[in-house]
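As a plain string of letters, each chain reads:
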Amino acid sequence: MRKIILAGGSGFLGNVLAKHFHQQLYDIVILSRSPQLYSPYARFTGWNGKTSDTWEEEFEDADAVINLTGRSVNCRYNEKNKKEILESRVNSTHIVGEAIRQCKNPPRLWINAGSATIYRHSMIDDRAEDSKEIGDDFSMSVCKAWERTFWEMDTPGTRKMVMRTSLVLGNYKNSVLTVLKRLTRFGLGGRMGSGEQFFSWIHEYDYVRAIEFLLQRDDLSGTFNLTAPVPLPNKDFMKLLRKEMKMPAGMGAAKWMLKLGAMVIGTEPELILKSRKVVPKRLLEEGFVFQFPDVASALHDLIQRNSNH
């Protein structure tokens, strides 16, 4: 039976991937710090993201390993959290690489998570995979160290890819869309900051379809932006969200309000204020067709589907 390993796959993206590939008749194994969890789509195996153990046996002859491990960035960037954000990504990438290197029949594909936040803030120019506009603030430095660790692992029998993923829109309980819907429902669905900053996103269905596309294309490797082809300003995104939710108006939040609010709820304002104008140049060039290329169709699908449950 075909097999996919999801390292750190117990959250939103892991659940979406497990469900999709289970339906495609793959055996799904989730490596998790909470192996007692249950999913109808996968079986769980314990790991800590740092050291070798019996989980390595699952790697033999797997079709793909998809490493999604990383401490949430939805927190204050104090020294303790910054250390955990960096180490969770670098350490897990290193140990996955070591496990692949020890295999007699190594996985055919290793996909490592990355982030579209590796690119500099941009209000004008698109950021594609060949963009040299990569900076040195904390988030970008973490992304660079994460990718550097990945590419330094020598796994000659395994095809390798990095997914620089934007915000994934889905109805999972703590996803970005769920939070924004809640704000909109309470009349707070206006523009955030200037509202001019760009919002890069991808529908959860296109996210899994893109990964399936990359898995099936043996001729492809390297770095891919997993984001929809049409990023848009925050104010336009919020306007479309209000329209879909039938909310005629929404109070905006000035930059100072967002900074204060972020401090109160324990997160960083850059998650909202940074302008991400990232495009999927390579996916489009290779012929991938998005089911939801624009925000209006994506929001309509997700909100209607959620209201029908």
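Below is a summary of the structure that appears in this document. (Residues numbered from 1 in each chain as written. Predicted model: local features only at pLDDT ≥ 70, side-chain atom pairs only at ≥ 80, totals over all residues. Heavy atoms only, no water.)

### Some words on the sheet that holds strand β5 (residues 109–115)
In spatial order, the strands read β3-β2-β1-β4-β5-β6-β10; together these seven strands make up an open sheet with parallel pairing. Each having just a single partner strand, β3 (43–46) and β10 (222–226) make up the two edges of the open sheet. Strand-to-strand, the axes of this sheet are offset by a mean angle of 25°, without reference to chain direction. Here strand β4 (residues 64–67) runs beside β5; their pairing, made up of four bridges, is parallel. (Pairing = 2+ DSSP bridges. Helix = DSSP H or I, 4+ residues; strand = E, 2+ residues; numbered from the N terminus. Axes fitted to C-alpha atoms, helices over the stretch in contact; angles between N-to-C directions.)

### Notes on helix α4 (residues 176–185)
Three- or four-residue spacings in an α-helix give side chains the same orientation, since the helix completes a turn every 3.6 residues. Looking only at α4, the buried set comprises Leu177, Thr178, Leu180, Lys181 and Thr184. Looking straight down α4, one finds its buried side chains confined to an arc of 165°; they lie on one side. Positive phi appears at Gly187, one or two residues downstream of α4, with a value of about 80°. (Buried < 20%, exposed > 50% of the residue type's maximum accessible area, 1.4 Å probe, protein only. Arc of directions from axis to C-beta.)

### Some details on the pattern of salt bridges
Pairing between side chains becomes possible if they bear opposite charge and their charged atoms approach one another. Enumeration over the complete set of coordinates arrives at 22 salt bridges. For Glu133, the salt bridge identified is with Arg120, shortest N-O distance 3.3 Å. One end of the pair, Glu133, is in the loop between β5 and α3 (138–152); the other, Arg120, is in the loop between β5 and α3, and 13 residues separate them in sequence. For Glu133, a relative accessible area of 35% corresponds to the partly exposed category. Residue Arg120 is classed as partly exposed on the basis of its relative accessible area of 37%. Residues Asp206 and Arg209 are paired through a salt bridge, measuring 2.7 Å at the closest nitrogen-oxygen approach. Of this pair, Asp206 and Arg209 both sit in helix α5 (residues 204–216), three residues apart, which is roughly one turn of that helix. (Salt bridge = Lys/Arg side-chain N within 4 Å of Asp/Glu carboxyl O.)

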